[in-house]
Amino acid sequence: MSARLEVVRAGALTTVQDEGRFGHAHLGVGRAGALDAPSARLANRLAGNPVAAALLETTATGCAVRSSRAVRAVVGGAPCRVTVDGRPVAWGAAVHVPAGAVLDAGPAAYGLRGYLAFAGGLEPEPVLGSRSADLLSGLGPAPLNDGDVLPLGPPPPPPAGEPSSGAVPWPGVPAELVLPVLLGPRHTWFTSEALHTLTTAAYRVSPQSNRIGLRTEGPALARARQGELPSEGMVLGAVQVPPDGRPVVFLNDHPTTGGYPVVGVVPEPALAAAARVVAGTPVRFVLGPGPGGAGFRCAGLLSSIAGRA
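Definitions and limits used
- Counting restarts for each chain, with residues numbered from 1 along the sequence as it is written.
- Reporting of local features is limited, given that this is a predicted model, to residues whose pLDDT is at least 70; pairs of side-chain atoms are given and counted only at 80 or more, and all residues count toward the totals for whole chains, interfaces and linings.
- Hydrogens are left out, water is left out, and the side-chain values use all remaining heavy atoms of the structure.
- For two strands to be treated as a pair, DSSP must find no fewer than two bridges joining them.
- Under the scheme used here, helices are H or I runs from DSSP no shorter than 4 residues and strands are E runs no shorter than 2 residues, and both carry numbers assigned from the N terminus.
- Fitted lines through C-alpha atoms serve as axes, helices being fitted only where they are in contact, and the angles separating the N-to-C directions of these axes extend from 0 to 180 degrees.
- Whether two residues are in contact is decided by their heavy atoms, any of which lying within 4.5 Å being enough.
- Burial classification: accessible surface area is computed with a 1.4 Å probe over protein chains only, and a residue below 20% of its type maximum counts as buried, one above 50% as exposed, and the rest as partly exposed.
- The directions from the helix axis to the C-beta atoms are what the arc is built from.
- A pair of aromatic rings is counted whenever rings of Phe, Tyr or Trp (Trp by its six-membered ring) have centres within 6.5 Å, and the orientation is called stacked for planes under 30 degrees apart, edge-to-face for over 60 and tilted otherwise.
- Salt bridges are defined by distance alone: a side-chain nitrogen of Lys or Arg within 4 Å of a carboxyl oxygen of Asp or Glu.
- To count as a disulfide, a pair of cysteine sulfur atoms needs to be within 2.5 Å.

Colleague: Tell me about the sheet that holds strand S16 (residues 238-240), residues and numbers included.
Modeller: Pairing within the closed barrel is mixed, and its seven strands lie in the order S12-S19-S16-S17-S14-S13-S20. Between one strand and the next, the sheet's axes are offset by a mean angle of 40°, whatever the strand orientation. As paired strands, strand S12 (residues 177-183) and strand S20 (residues 282-287) are joined by five bridges and run parallel to one another. Its bridge partner lying in S20, proline 180 is registered against valine 286. The sheet strands contacting helix H2 (residues 192-200) are S12, strand S13 (203-205), strand S19 (262-265) and S20, and the helix crosses S20 at an angle near 120°.

Colleague: Now, about H2: what can you tell me, with residues and values included?
Modeller: Listed as buried for H2 are Ala194, Leu195 and Leu198. Considered in projection along H2, the buried side chains sweep an arc of 100° and stay on one side of the axis. For H2, the exposed residues set more than 90 degrees away from the buried face come down to Ser192, Glu193 and His196. The elements touched by buried residues of H2 are S12, S13, S19 and S20.

Colleague: Could you give an account of the pairing of strand S9 (residues 102-108), with specific residues and numbers?
Modeller: Sheet topology note: the strand S4 (residues 63-67)/S9 ladder contains four bridges and is antiparallel. Considered in S9, the bridge of valine 65 is made with leucine 103. Of the pairings in the sheet, the one linking strand S6 (residues 80-84) to S9 comprises four bridges and is antiparallel in character. Within S9, the position partnered with valine 82 by the bridge is alanine 105.

Colleague: Can you break down the sheet that holds strand S1 (residues 4-9) residue by residue, with the values?
Modeller: Strand order in the open sheet formed by six strands is S7-S6-S9-S4-S1-S11, with antiparallel pairing between adjacent strands. Only two strands of the sheet have a single neighbouring strand rather than two, namely strand S7 (87-89) and strand S11 (149-151). Taking each pair of neighbouring strands and ignoring which way they run, the sheet shows an average axis angle of 30°.

Colleague: Summarise the environment of tyrosine 115; cite the residues concerned and give the values.
Modeller: Note that tyrosine 115 resides in strand S10 (residues 113-118). Note: C-alpha distance between tyrosine 115 and glycine 62 (53 residues apart in sequence) is 8.8 Å.

Colleague: Run through the packing of aromatic side chains, naming residues and quoting values.
Modeller: The geometry of two aromatic rings is summed up by the distance between their centres and the angle between their planes. Under the counting rule described, the total for this entry stands at two aromatic pairs. Look at tryptophan 91 and tryptophan 170: their rings are 5.6 Å apart centre to centre, the planes differ by 45°, and that puts the pair in the tilted class. Of the two residues, tryptophan 91 is situated in the loop between S7 and strand S8 (94-97) and tryptophan 170 in the loop between S11 and S12; the sequence distance between them amounts to 79 residues. When its relative accessible area of 27% is taken as the criterion, tryptophan 91 is described as partly exposed. Here the aromatic rings of tyrosine 203 and phenylalanine 285 are separated by 5.9 Å at their centres, their planes lie at 80°, and the arrangement is edge-to-face.

Colleague: Before we move on, can you summarise the pattern of salt bridges with the specific residues and values?
Modeller: Counting across every chain of the model gives eleven salt bridges. Glutamate 268 is the salt-bridge partner of arginine 31, the closest N and O atoms lying 2.7 Å from each other. You can see arginine 31 sitting in the loop between strand S2 (15-17) and helix H1 (37-47) and its partner glutamate 268 sitting in the loop between S19 and S20, a full 237 residues away along the chain. Its relative accessible area of 44% is what places glutamate 268 among the partly exposed residues. Here arginine 284 makes a salt bridge to glutamate 176, at a shortest N to O gap of 3.1 Å. Here the residue arginine 284 occupies a position in strand S20, and glutamate 176 occupies one in the loop between S11 and S12, the gap between them amounting to 108 residues. A relative accessible area of 34% places arginine 284 in the partly exposed class.

Colleague: Outline the environment of alanine 272, supporting the account with residue identities and numerical values.
Modeller: Summarising the element assignment, alanine 272 is placed in the loop between S19 and S20. Residues alanine 272 and proline 171, spaced 101 residues apart in sequence, show a C-alpha to C-alpha distance of 9.2 Å. Leaving out residues up to four positions away in the same chain, alanine 272 has contacts with Leu35, Asp36 and Pro38.

Colleague: Got a sec to walk through the state of the cysteines? Specific residues and values, please.
Modeller: Under the counting rule described, the total for this entry stands at zero disulfides. Not engaged in a disulfide, the cysteine cysteine 63 finds its nearest cysteine sulfur in cysteine 80; these two sulfurs lie 9.0 Å apart. The buried category is assigned to cysteine 63, whose relative accessible area is 1%. Note on cysteine 80: relative accessible area 14%, which makes it buried.

Right under this line is the structure:
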């Protein structure tokens, strides 16, 4: 019988994630994948896995699991208390978990999302080339419940250089989330005052945020043009403005089309920090680089990159 990982405590929201599924936006299938990709990749490297191996992504309250075989494991991302059968072990470093022992990643001390990587990776059935859970489409494995069982991949061969078991620098949790934004393609649907508000006002992370989008609380953006848009392509990082006027930054489980205007796009490298912050964290949007520092008006951005979403 192959090795298995049993979920003892699922926590608030724990999902299987990998690098995500690419190249299916034209079919209405989004990317999914680990929201905090740098932390997920680091956890996999320390566990001795390829960076694309599937692992667990936790939200706020952590989770606890039991492996049917001895396994090298890493708990990273949001800092938390980590125990093996109640004995404290290192967070952010590789630890040995004996067969049948319970690895418990506690609630986040600060930050939001944690990552649990296991040597050999998790091997639920892939869907369209990925083992990632997509909360919007329902593709991939469902969010975990107590008692669920996941197959573990075979232990990887010993690496040429043993992954470090000492302290490594993990990405930090920002006290303020600063998001560069490239204006377009529908910035002309908003007043000049609204664009000024977007890039100067103080927003906060809304408790309604999730893997689909980071919602904000703060001043509404006034429309210069009313009416509805025909549905058009949406990309990762699109800043969509729903009828309440508060910007929503699309994250990995976002829809591939939408009818509310997109005032701008946050470049992908800036989005990992959005996965780490908790509700109430201050948010500022700043104009991205462009000619003369005035901000790049990317009116053709969505159509040019929709095929790569």
